[in-house]
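Remarks on the overall topology
The chain contents come next:
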Amino acid sequence: MIDFQSGYILRPVNPVFIYFSLFCALLLNLLPIGNYGWVPDWLVLCIVFWNIHQHRYVSVITAFILGLMMDVHNSDLLGLHAFSYSLVAYVAISWHRRIVALTVLSQAMHLLPIFLLVSLFPVLAHWLLSGDLYWWALTGAIQALIEAMLWPIATRVLLAPQRRPIDVDHNRPL
Amino acid sequence: MLIDFRFKALDPIRNNVNWILRPLEYVMMMPRNAFESTSEYFTTRSTLDQENQVMKVRQAELSLLANQSEFLMVENQNLRELMALQKQVPFKTLPVEILFNPPNPISQRIVINRGSNDGLKLGNPIANDSGILGQVVRLYDRSAEVSLLEDRDFAVPVQVARNGLRAAVFGAGRGNPLELRYLPVASDLEVGDILLTSGIDGIYPPGFAVAVISKIERNADKNSSNVFCVPVAAVNRYRQALALLYDPQFDAKAPVNNKSATGTPSTNTPGRRQTRARGMQ
């Protein structure tokens, strides 16, 4: 796969690394930080990243299962995160060709609506079901903004294993 | 989602997922717990000494009170028996630890480390040393979710400690003061009144502090008053709490055989509806 940022061809991805990173993101989401609206959802960042870069390994189904776990952890309605994660995974997979070719910053701009969808979906679903809108909970938009700002860092970290040079000459580094 | 919202039918799935997820949650709680325990470890000797002193005084006071209260309770039960009122139901307590606060923008909940295996039931109140914290709303095998007082539309039936006025406290969402709803303008309330659980719902044992009135806005046009109060127990602070295993049986009592000496017929004449005596707890 071509890295459009540097122009080089990337090394093949290691599936173990993909699942390991998803697991780490899940663990980060389980950190007992408290009920704050702005804490970034690491898992959705990771899922969207792999959906865009390696959609053969991380599909809508993976997103659904991970979303189910987040529902139980957050004591939400069962299926709330599962649905929003799989919706977002679908959108990300269908956009992946367009988004990969952009620069990292404009990628982040393009992904902001996706993150907004995940952050605001629980509030909207609750609005539809029970009829009252929690204005306070709309501060989840801040979470989406933070996630979009984390996108360049995520790209750097998660693509690092694939950006390693293929044959390293120990006598002449670089 | 709709199925879960309307029928609560997916709880077995939830329990199974929880069974996988809980160990991971425990693992991720380790850094915080380690941090807290080290900071506790490095508290200085003088602080501990001071704390010890305060605790001793407090314990002496409390044990004195406890002795007295036992005496009063026995006396109260005897008097109730004399008056043919229903006895106060004793309740057991179960110490619980608050595990974490799930990040959820819509509700205010905590997860505790006891579940149905420890005898906890749906609807059991959770309290700490100063007052009511909340109520168990979802049970797993080894953990449970507790809705806090601050949770939106969370209602607790209360009684004003000063004059026995009954009302209901409602949660108004995170960070907002609790509300006393459905009270007329002329109701006898003052800022600083303490609200105790009234115990008429059969869920909360009577006499636990819930909130203190902090602000009253009387609205004479609509004959309504907006009363705001603050919870007594520090809802988001401590890690330890008590679950109150309270299960009163509100059965109708056997009809009292009160044929008086003057020979008036008993109240249970045929065709007359049999009702319970007024004023029963």
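The text that follows walks through the structure, step by step, so that each part is easy to find. If you're wondering where the values come from, they're calculated on a predicted model, not measured in any experiment.

The number of helices and strands found in chain A is six helices and zero strands. Along the chain direction, N to C, the helices and strands of chain A fall in the order α-α-α-α-α-α. For 174 residues, the compact-globule estimate of 2.2 N^0.38 gives 16 Å, and the C-alpha radius of gyration of chain A, at 17 Å, lies within 12% of that figure. With 174 residues in all, chain A has 35% of them scored as buried. Relative to all contacts within chain A whose residues are 6 or more apart in sequence, the contacts with residues 24 or more apart total 66%.

On to the overall build of chain B, then. A tally of helices and strands in chain B yields three helices and twelve strands. Relative to its full complement of 281 residues, chain B shows a buried share of 26%. Counting contacts in chain B only where the partners sit at least 6 residues apart, residues at least 24 apart contribute 55% of the total.

Residue and element names in this part refer to chain A. In this model, helix α1 (residues 15-30) (16 residues) spans 23 Å end to end at C-alpha, consistent with the 22 Å of a helix rising 1.5 Å per residue. All buried positions along α1 are accounted for by Leu22, Ala25, Asn29 and Leu30. Taken down its axis, α1 places every buried residue within 145° of arc, on the same side. Set apart from the buried face of α1 by more than 90 degrees, the exposed residues are Val16 and Phe20.

It is worth spelling out the pairing of strand β10 (residues 209-219) of chain B at this point. Relative to β10(B), strand β9 (residues 194-197) of chain B runs antiparallel, the two being bridged by three bridges. What sits directly across from Ile194(B), in β10(B), is Val212(B).

Moving on, we come to the packing of α1(A) against helix α3 (residues 60-74) of chain A. Residue and element names in this part refer to chain A. Across the interface, α1 lies against α3 with an axial gap of 11 Å and an inter-helix angle of 15°. One element, α1, and the other, α3, form an angle in the roughly parallel class. The crossing of α1 and α3 is right-handed. From α1, Leu22, Leu26, Asn29 and Leu30 reach across to α3, where they touch Leu66, Met69, Met70 and His73.

Turning to the interface of chain B and chain A, a few remarks are in order. Residue-level contacts link 27 residues of chain B with 30 residues of chain A. For the side of chain B that touches chain A, the secondary-structure elements that each account for two or more residues are α1 (2-7) and α2 (11-41) of chain B. Per-element accounting of the side of chain B that touches chain A gives the leading share, ten residues, to α2(B). Grouping the constituent residues of the side of chain B that touches chain A by class yields 14 nonpolar, five polar and eight charged.

Before going further, it helps to spend a moment on the sheet that holds β10(B). Residue and element names in this part refer to chain B. Overall, antiparallel pairing links the six strands, which are arranged β6-β7-β8-β11-β10-β9 in a closed barrel. Each strand axis lies, on average, 45° off the axis of its neighbour in the sheet, ignoring direction. Taken together, the five bridges between strand β6 (residues 155-160) and strand β7 (residues 166-170) define a ladder with antiparallel strand orientation. Bridged to glutamine 159 within β7 is arginine 166.

One closed barrel accounts for six strands, arranged β1-β2-β5-β4-β3-β12 (chain B); its pairing is antiparallel. Strand-to-strand twist across the sheet, computed as the mean angle between neighbouring axes with direction ignored, equals 45°.

The next point concerns the nonpolar core. Ranked by size, the top nonpolar core spans 42 residues in total, and within it Ile132(B), Val169(B) and Val210(B) carry the most contacts. Here the element with the most residues in this core is strand β4 (residues 132-139) of chain B; it accounts for four residues. With residues up to four places along the chain from it excluded, the contact list for Val210(B) reads Gly131(B), Ile132(B), Val156(B), Val158(B), Val169(B), Leu195(B), Leu196(B), Thr197(B), Pro231(B) and Val232(B). Ranked by size, the runner-up nonpolar core spans 33 residues in total, among them Leu22(A), Trp42(A), Ala144(A) and Ala148(A).

Before going further, it helps to spend a moment on the pairing of strand β2 (residues 109-112) of chain B. Residue and element names in this part refer to chain B. Both faces of β2 are covered, namely the face carrying Arg109 and Val111 and the face carrying Ile110 and Ile112. Across two bridges, strand β1 (residues 92-100) lies against β2 in antiparallel orientation. Across the sheet, the residue bridging to isoleucine 98 is isoleucine 112, located in β2. Summarising the sheet, β2 and strand β5 (residues 144-148) pair through four bridges and their orientation is antiparallel. By the bridge assignment, isoleucine 110 is partnered in β5 with valine 146.

Basis of the calculations
Residues numbered from 1 in each chain as written. Chains lettered and ligands numbered in written order. Predicted model: local features only at pLDDT ≥ 70, side-chain atom pairs only at ≥ 80, totals over all residues. Helix = DSSP H or I, 4+ residues; strand = E, 2+ residues; numbered from the N terminus. Rg over C-alpha atoms; globule rule 2.2 N^0.38 Å. Buried ≥ 20, exposed ≤ 12 C-beta atoms within 10 Å, placed from the backbone. Contact = placed C-beta atoms within 7 Å. Expected span 1.5 Å × (residues − 1). Arc of directions from axis to C-beta. Pairing = 2+ DSSP bridges. Axes fitted to C-alpha atoms, helices over the stretch in contact; angles between N-to-C directions. Parallel < 35°, antiparallel > 145°, perpendicular 65-115°, else oblique. Left-handed = near helix turned anticlockwise from the far one by under 90°. Nonpolar A, V, L, I, M, F, W, Y, C, P; charged D, E, K, R; others polar. Core = buried A, V, L, I, M, F, W, Y, C linked by C-beta atoms within 7 Å.

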